[in-house]
Each structure stands twice: as C-alpha cells, then as structure tokens.
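Now for the letters of each chain:
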Amino acid sequence: MDELQNTEARVNVTYGGQNGDLPDPVFFDSNDGDVKGWITEAVRNGSIPGIPADAGADFTDFVVDRFAATEGRPYNLIQLRPKTPFGE
Amino acid sequence: MSKVVTIVGVGALGSHLVQFLRSEDVAIRVIDFDRVEMKNTQSQFHGKPSVGKMKSNALQKSMNFLYGVKIDAKTNKLVGDNAEVLLQGDLIIDCVDNGEARQLIQKVVRDKGLPCLHGALAADGSFGRVIWDESFVIDSEAGAGAATCEDGEFLPFIAITSAYLARAAQLFLREERKVGFSISPTTVVSV
C-alpha cells in the first residue's frame, strides 16, 4: 500500500481468528455501513490477503473502530473486529 | 516503590496480568469479589489449591508464595458507593467481564482524570483489545449461549493478550507512553 494521505485510512479486519488489510485505502471518514459492506464483499471474494474466502461472511455484529495516525503508526487505521465483552 | 497500579478483575486477563507485572517496581492492588471455580483453572492463573477462595486473596497468596511479591487484595464488588474509594492509583487496568462494571470504571476514571487501560476479549477467543480509555468503546455483552473464555483452548491467546496488557502498562509506567494493541491469533496491530 502506498503512503496514505491524511484523509485516508488503512482498513484492517479480524475474521475467524485471521487478520488482514483491505488492499486499498479508504477515506478515514467513510461511514460504518460502507466499511462493513466493502469488507464483507472482500472477504466473500477472498481478496484480503491472510483471510481465506468465505462466501457466508457476515459482519453485522462486528464493530468499527477508528484510530488517528500516531507517531508510532503514521497512518489512520480503521479496524473491523468482533465484539469483545469478556475480560475476566 | 512509588507508583500504584490497580487492577479490577483478576480472572482470565487480570490474573495473568498480575504475574506479568511482577517485576515492575510498582505496588499492585487487585479488586475482585468472585471466587475461584474449578473451571477457572483451565484458563486463569489460579491453581487448583485456590478453588473456593476469593480470587483476589488467592492471587495475593500465590504471588507471595511463588515470587515473594506482596500485593494488596480487595474482595469488594465494585459498585457506585465504593468505586471512587477503590479506584485509586497511578494506573487503573480494567479486566472485568461485564459492561455495567466497565461503565462504572469509565465514569470514575474520567471524573478523576486517572489513566486507564482496558483489556477485552471476544467470546470465541478470536480477538483481544488492549486500549486506553480515551479510545475505548464498551461493547454490548454476548447473548445467552455465547462461547466463553472458560475453556482451556483459549489459554494461550488469553495469556498473549495479558502479556500485551502488561507491555502497554510497562510502557506507560516507565516511559509515560500510551500504546494500545489489537490482537488476533495471527497478528498484533498497534493502535
């Protein structure tokens, strides 16, 4: 992925215990529904390196997190992840 | 020993976290009202001799016996009436397993301006979060019948997530850096 503009974000997803990035960046202010839609399509098509294709992939109950660039991570990050209700 | 770290919840994440922090030059306080059950020994740092004992007291005894590390153990259930008194220190680490307690912790640390690190796990052991309160959003709880982290299958992943919690705490305590992590079984991403 080329260097990202400050209006763009890398999109990272964890699904079925596997993790990968969308091949292309998206706008950082993309809405959650769009992000879930793009990732659903990509996982179903098998176009996310590291995540095997799954025609039944469903991200309805997943959560979209957004992290602005930091010194240690010089690009914006959007992350689609499973809910994490447990700690104890 | 000047800094105090308060860990709320010493089950899966919290019990391992305490032993990962054992070499830090800090005073550790743990808060948990629950007792150790046999099933907990599959995935938590608690051993079979601790079954039936309060988790906080059992961990206190284990840390002293195994490492000679003394920790402060509180057996209170965190509620509105005691949260402000119990949640003190230079760093609060939330390792609880329910949204209600997380909301209470979040309210108190924000009211008091206390640094707070949250640890959270997906029910199926597929994802873990180590995240500073500034970015933390409380997820709704899993519905009835959801998988839990009690099964020993997730022990390695729980321990990995606890280790990243400890690392985030260490970076803050030693260097005042706030670093978070998103952890999957195959990848770790700094957030």
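Heads up: these notes are all about the structure in this document. The numbering scheme is per chain: residues are counted from 1 as the chain's sequence reads. The lettering of chains begins at A and the numbering of ligands begins at 1, in the order of writing. Local features are withheld for residues below a pLDDT of 70 in this predicted model, meaning they are given only at 70 or higher, and side-chain atom pairs are given and counted only at 80 or more; totals for whole chains, interfaces and linings count all residues. Excluding hydrogens and water, the side-chain figures rest on all heavy atoms present in the structure.

## Observations regarding the interface of chain B and chain A
So, point 1. We call two residues contacting when some pair of their heavy atoms lies within 4.5 Å. Every contact between the two is made by 40 residues of chain B and, on the other side, 19 residues of chain A.
So, point 2. When two parts are brought into contact, each loses some accessible area as probed by a 1.4 Å sphere; the total of that loss over both is the buried area. When the area that chain B buries against chain A is broken down by residue, the three leading residues are Asp97, Phe127 and Asp139 of chain B, summing to 23%.
So, point 3. Only one rule defines a salt bridge in this text: a Lys or Arg side-chain nitrogen within 4 Å of an Asp or Glu carboxyl oxygen. Of the charged contacts, one joins Arg129 of chain B and Asp65 of chain A as a salt bridge, the two residues approaching to 3.7 Å between their closest N and O atoms.
So, point 4. Think of a polar contact as two N or O atoms within 3.5 Å of one another; within protein, one of them needs to be a possible hydrogen donor and the other a possible acceptor, and neighboring residues in sequence only count if both atoms come from side chains. At the boundary of chain B with chain A, the tally comes to 5 residue pairs in polar contact (both at pLDDT 80 or more).
So, point 5. The helix count covers DSSP runs of H or I at least four residues long, the strand count covers runs of E at least two residues long, and both are numbered beginning at the N terminus. Counting residues per element, the side of chain B that touches chain A draws most heavily on strand β5 (residues 116-121) of chain B, at 3 residues.

## Brief notes about the pairing of strand β2 (residues 26-31) of chain B
Residue and element names in this part refer to chain B.
So, point 1. Among the 6 residues that make up β2, 5 are buried, leaving the element largely enclosed by the rest of the structure.
So, point 2. Pairing of strand β1 (residues 3-8) with β2 involves 6 bridges; the strand directions are parallel. Residue pairing in the sheet places Val8 in a bridge with Ile31 of β2.
So, point 3. Regarding the hand of the β-α-β motif, the stretch spanning β1, helix α1 (residues 12-20) and β2 is right-handed.
So, point 4. Bridge count for β2 against strand β3 (residues 72-74) is 3 bridges, and the pairing is parallel. For Val30, the partnering residue across the bridge sits in β3 and is Ala73. Think of it in three bands: residues with accessible area under 20% of the maximum for their type are buried, residues over 50% are exposed, and the middle band is partly exposed, with areas taken using a 1.4 Å probe on protein chains only. Two strands pair if DSSP finds at least two bridges between them. Handedness is read with the strands pointing away from the viewer; a crossover is right-handed when the path from the first strand over the helix to the second is clockwise.

## Some words on the packing of α1 of chain B against helix α5 (residues 155-175) of chain B
All names here are of chain B.
So, point 1. Note on geometry: axes are lines fitted to C-alpha atoms, helical ones only across the stretch in contact, with angles between N-to-C directions running from 0 to 180 degrees. Closest axis-to-axis distance for the α1/α5 pair is 8 Å, and the angle between their directions is 55°. Between α1 and α5, the crossing angle belongs to the class labelled oblique. The element α1 and its partner α5 pack so that their crossing is right-handed. Together, Ala12, Leu13, His16, Leu17 and Phe20 of α1 and Leu155, Ile158, Ala159, Thr161, Ser162, Ala163, Leu165 and Ala166 of α5 make up the contact between the two elements.
So, point 2. Taken together, the residues of the contact of α1 with α5 break down into 10 nonpolar, 3 polar and no charged. Angle categories are assigned with fixed cut-offs, so that under 35 degrees is roughly parallel, over 145 is roughly antiparallel, 65 to 115 is roughly perpendicular, and the rest are oblique. Crossing handedness is defined as follows: a turn of the near helix away from the far one that is anticlockwise and smaller than a right angle gives a left-handed crossing, while the clockwise case is right-handed. Just so you know the grouping, Ala, Val, Leu, Ile, Met, Phe, Trp, Tyr, Cys and Pro go in nonpolar, Asp, Glu, Lys and Arg go in charged, and all remaining residues, Gly too, go in polar.

## Some details on the nonpolar core
So, point 1. In this structure, Ile7, Leu21, Val30, Leu91, Ile93 and Leu117 of chain B are the most contacted members of the largest nonpolar core, which totals 38 residues.
So, point 2. The leading source of residues in this core is α5 of chain B, at 9 residues.
So, point 3. Look past the residues within four positions of Ile7 of chain B in its chain and what remains in contact with it is Gly14, Leu17, Val18, Leu21, Ile28, Arg29, Val30, Ile31, Ile93 and Cys95 of chain B.
So, point 4. Here, nonpolar core refers to any group of buried Ala, Val, Leu, Ile, Met, Phe, Trp, Tyr and Cys residues whose side-chain atoms link them within 4.5 Å. Membership of the second largest hydrophobic core comes to 18 residues, among which are Val11, Val13, Tyr15 and Val64 of chain A.

## Topic: the sheet that holds strand β4 (residues 91-94) of chain B
Residue and element names in this part refer to chain B.
So, point 1. Strand order in this open sheet of 8 strands is β3-β2-β1-β4-β5-β6-β7-β8, and the pairing throughout is mixed. Since the sheet does not close on itself, it has two edges, and those belong to β3 and β8 (188-190), each with one partner. Strand-to-strand twist of the sheet, defined as the mean angle between neighbouring strand axes without regard to direction, takes the value 15°.
So, point 2. Bridge analysis of strand β6 (residues 128-132) against strand β7 (residues 181-183) gives 3 bridges, and the strand direction is antiparallel.

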